[in-house]
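Here is what each chain is made of, one letter per residue.
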Protein chains: 2
Amino acid sequence: MARVVVNVMPKPEILDPQGKAVTGALKRMGHTGFSVRQGKRFEIEVDKDVTDEVLDEVRQFAESFLANTVIENFEVVS
Amino acid sequence: MARVVVNVMPKPEILDPQGKAVTGALKRMGHTGFSVRQGKRFEIEVDKDVTDEVLDEVRQFAESFLANTVIENFEVVS
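Here the structure is a predicted model, which means the values were calculated and not measured.

Caption draft 1: Seen up close, the relation of the copies chain A and chain B. With an RMSD of 0.0 Å, the operation that places chain A on chain B is a rotation of 180 degrees combined with a shift of 0.0 Å along the axis. Seen this way, the second copy is the image of the first under a two-fold rotation axis. No C-alpha of chain A lies nearer the rotation axis than that of A:Lys40, which sits 2.2 Å from it. Residue by residue, 100% of the interface of chain A is reproduced at the interface of chain B, so both copies engage with the same surface.

If you want it as structure tokens, here you go:
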């Protein structure tokens, strides 16, 4: 059982209200000097070997389905 | 400007409806052999050096604030 991770983050030029809320809350709690952006992490168990073809398949459905590439970037980590 | 990442994932014994929905949708799209769990990724910019004290601070607010440790595990990656 192999694992591939897909990280999806809001693009740098896109406002990130969740991250802004977390940053503000941390400040109010006395944790200064932190700026947070919030995204998604997908942990994908693969029931076969992680070949280049499988990684291409993951990249393809990450782009079309896991991330909204208008506003989000993604990376596939194996 | 240094960066610390906090990954928050549903505990293995906890149902993950978002991950289940993604897994089901992938199957229906013809992508078989994948099992997905969905969590959160926080990218934290730190405006000072990432010392052990800063990492301890991040670990502390990750535990009390970014993750719900009843149902989620977290890891701090620097």
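Caption draft 2: Structural detail: the interface of chain A and chain B. Taken together, the contact between chain A and chain B spans 32 residues of the former and 32 residues of the latter. When chain A packs against chain B, the two sides together hide about 2,700 Å² of surface, and 63% of this comes from carbon and sulfur. Considering only the side of chain A, the residues that lose the most area to chain B are A:Phe34, A:Arg41 and A:Phe65, jointly responsible for 23% of the buried surface there. At the boundary of chain A and chain B, one finds 2 salt bridges. Summed over the shared surface of chain A and chain B, the number is 12 residue pairs in polar contact (both at pLDDT 80 or more).

Caption draft 3: Structural context of the side chain of A:Arg41. Counting through the fold element by element, A:Arg41 comes out in strand β2 (residues 34–46). With relative accessibility at 6%, the residue A:Arg41 sits in the buried group. Separated by 3.0 Å, the side chains of A:Arg41 and A:Glu43 make a polar contact. Every residue in contact with A:Arg41, bar those within four places of it in the chain, is listed here: A:Arg3, A:Val5, A:Val6, A:Asn7, B:Asn7, B:Met9, B:Arg37, B:Gln38, B:Gly39, B:Lys40, B:Arg41 and B:Glu75.

Caption draft 4: Highlighting the sheet that holds strand β3 (residues 72–77) of chain A. Across the sheet, which stays open at both edges, the 6 strands sit in the order β3(A)-β1(A)-β2(A)-β2(B)-β1(B)-β3(B) with antiparallel pairing between neighbours. Either end of the sheet is taken by a strand with one partner, and the two such strands are β3 of chain A together with β3 (72–77) of chain B. Ignoring strand direction, the axes of neighbouring strands in this sheet form an average angle of 25 degrees. Alignment of strand β1 (residues 2–10) of chain A against β3(A), held across 6 bridges, turns out to be antiparallel. What sits directly across from A:Met9, in β3(A), is A:Asn73.

Caption draft 5: Just the layout of surface pockets, in detail. In this structure, the largest pocket encloses a volume near 340 Å³. Residue lining of the largest pocket: 25 residues in total, with A:Gly39, A:Lys40, B:Gln38, B:Gly39 and B:Lys40 positioned closest to the centre. Among the elements of the structure, β1, α1 (17–28) and β2 of chain A together with β1 (2–10), α1 (17–28) and β2 (34–46) of chain B are those that each provide at least two residues to the lining of the largest pocket. Taken together, the residues that form the lining of the largest pocket break down as 13 nonpolar, 6 polar and 6 charged.

Caption draft 6: Highlighting the environment of B:Gln38. Mapped onto the elements of the fold, B:Gln38 is located in strand β2. A relative accessible area of 11% places B:Gln38 in the buried class. Residues B:Gln38 and B:Val8, 30 residues apart in the sequence, show an inter-C-alpha distance of 9.1 Å. The contacts of B:Gln38, once residues within four sequence positions are left out, are A:Lys40, A:Arg41, A:Phe42, B:Met9, B:Pro10, B:Asp16, B:Gln18, B:Gly19 and B:Val22.

Rules behind the numbers
Residues numbered from 1 in each chain as written. Chains lettered and ligands numbered in written order. Predicted model: local features only at pLDDT ≥ 70, side-chain atom pairs only at ≥ 80, totals over all residues. Heavy atoms only, no water. Least-squares fit on C-alpha atoms with pLDDT ≥ 70 in both. Contact = heavy atoms within 4.5 Å. Buried area = accessible area lost by both parts, 1.4 Å probe. Salt bridge = Lys/Arg side-chain N within 4 Å of Asp/Glu carboxyl O. Polar contact = N/O pair within 3.5 Å; in protein donor to acceptor, adjacent residues only side chain to side chain. Helix = DSSP H or I, 4+ residues; strand = E, 2+ residues; numbered from the N terminus. Buried < 20%, exposed > 50% of the residue type's maximum accessible area, 1.4 Å probe, protein only. Pairing = 2+ DSSP bridges. Axes fitted to C-alpha atoms, helices over the stretch in contact; angles between N-to-C directions. 1 Å grid on protein atoms, 1.4 Å probe; cavity = no way out; pocket = protein on both sides within 12 Å on 5 of 7 lines; lining within 4 Å. Points joined across faces, edges and corners; volume = space filled by probe spheres on them. Nonpolar A, V, L, I, M, F, W, Y, C, P; charged D, E, K, R; others polar.

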